[in-house]
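What follows is each chain in one-letter form.
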Amino acid sequence: MLVAYKRTEGDTIPREVSDIGSGEWVRLEEPTKEEIREVSSSLGLDESLIHDALDPFEAPRFEEQDGNVYIFLRYAFSKEPAGTAPFLIVLTKTALVTIALGTPSFLERLASSAVPFRTTERTRLLILCIAEITARYVAAMTNIRRAVNRRKHRIDEMSEADIVEFAMHEGAVNSFLDALVPQASVLAKIAAGKTVQVSPDERELTEDVILSTTQLIELGRSILKTMENTREAYTAISTQQLNRVIRMLTALTVLVTIPNAITGFYGMNVLLPGADSPFAAVLILFGIVTALVIVVVLFGKKGWFY
């Protein structure tokens, strides 16, 4: 999809334009080769860098080439399993271009005028795009934190499905951090104002986004730490429960073995003490019961039956 927007001082909402030119915001989402070629030739962009933005595993970075600034980022999506997707913002001398492998929903907020901006204010629009990306990370992280906290308060009831869900959340948070840490570096470079000209108002907005990104990184690390502690607690509880079951099975095995051993011994076809006594069966039964009682008392004191 290729769409170009223009919004100047007199426009209430961004309006679509047919030609790609100066003072516009150009959206490329899941673009075709022809659309990439059209945008590249119109704005003097490097096609190879645009193709890099369509790589699902592209890492965030900052590049400058022929006067154009290429800011590679990743945005979060909540569709299970949660993760990140590549997103490129190109700041040219006359326009701003956003390129995505998918169809980021947060761009619709900008296109629908939910966030005020003018397409001629390229740096402000750039920072607003990054702010929208950060807001999606906030929503995704908040959902994961809620899910983790719910599981944390009922560790002893965790099922196999809960463990799988935990692993998915952990993978999502790690992918978020892999994107947010470079994003913080990119924002710091923008705030420095050496490559991108930033006005005082835009610098304040940039610092707000930097603060949000830093807080998200800390939140992600906190979630991972909570997951680690929960997993260790679950492992300790599971190990204790397993040991309890093994002790109980061991005690039951001993209880079954005692009568089997005694009756097996007296079942041999050899002369044994008391074999001719009319009370032999009673004595054997008494001995078995006595031995069982002693074993039950000993194991009960050690807590092997509970």
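Preceding block: the structure.
Residues numbered from 1 in each chain as written. Predicted model: local features only at pLDDT ≥ 70, side-chain atom pairs only at ≥ 80, totals over all residues. Heavy atoms only, no water.

Re a nonpolar patch on the surface
A cluster of nonpolar side chains, Leu285, Val289, Val293 and Val297, forms an exposed patch at the surface whose accessible area comes to about 340 Å². Summarising the element assignment, Leu285 is placed in helix α7 (residues 280-301). (Patch = residues over 30% accessible without salt bridge, like charges linked within 9 Å, V, L, I, M, F, W, Y side chains within 5 Å. Areas by Shrake-Rupley, 256 points an atom, 1.4 Å probe, with all protein chains shown as cover. Salt bridge = Lys/Arg side-chain N within 4 Å of Asp/Glu carboxyl O. Helix = DSSP H or I, 4+ residues; strand = E, 2+ residues; numbered from the N terminus.)

With respect to the sheet that holds strand β4 (residues 61-65)
Strand pairing within a sheet occurs via backbone hydrogen bonds; the two strands may be parallel or antiparallel. If you walk across this open sheet you meet the seven strands as β2-β1-β3-β7-β6-β5-β4, and the pairing is mixed. Edge positions in the sheet fall to β2 (15-17) and β4, since each has one partner strand and no second. If you compare each strand with its neighbour and ignore which way they point, the axes differ by 25° on average. Pairing between strand β1 (residues 2-6) and strand β3 (residues 25-29): four bridges, direction antiparallel. Paired with Leu2 across the bridge in β3 is Leu28. (Pairing = 2+ DSSP bridges. Axes fitted to C-alpha atoms, helices over the stretch in contact; angles between N-to-C directions.)

Topic: the pattern of salt bridges
Close approach of charged atoms allows side chains of opposite charge to pair. One pass over the structure, following the stated rule, counts eight salt bridges. The partner of Arg27 in a salt bridge is Glu29, and the shortest N-O contact between them spans 2.5 Å. Residue Glu29 is classed as buried on the basis of its relative accessible area, which comes to 4%. The partner of Glu63 in a salt bridge is Arg61, and the shortest N-O contact between them spans 2.6 Å. (Buried < 20%, exposed > 50% of the residue type's maximum accessible area, 1.4 Å probe, protein only.)

With respect to the pairing of β4
Here β4 runs beside strand β5 (residues 68-77); their pairing, made up of five bridges, is antiparallel. Bridging from a neighbouring strand, Glu63 pairs with Tyr70 of β5. Hairpin geometry of β4 and β5 is characterised by an intervening segment of two residues between the two adjacent antiparallel strands and by a positive phi of about 55° at Asp66.

Description of the pairing of strand β6 (residues 83-91)
Most of β6 sits inside the fold, with nine of its nine residues counted as buried. Side chains Gly83, Ala85, Phe87, Ile89 and Leu91 of β6 all project onto a buried face; the interleaved residues Thr84, Pro86, Leu88 and Val90 project onto the opposite face, where all are buried too. Where β5 meets β6, nine bridges bridge the pair, whose relative direction is antiparallel. Bridge pairing in β6 places Phe72 opposite Leu88. Summarising the sheet, β6 and strand β7 (residues 96-100) pair through five bridges and their orientation is antiparallel. Bridge assignment links Leu88 to a residue of β7, and that residue is Ile99. Linking β6 to β7, which pair antiparallel, is a turn of four residues.

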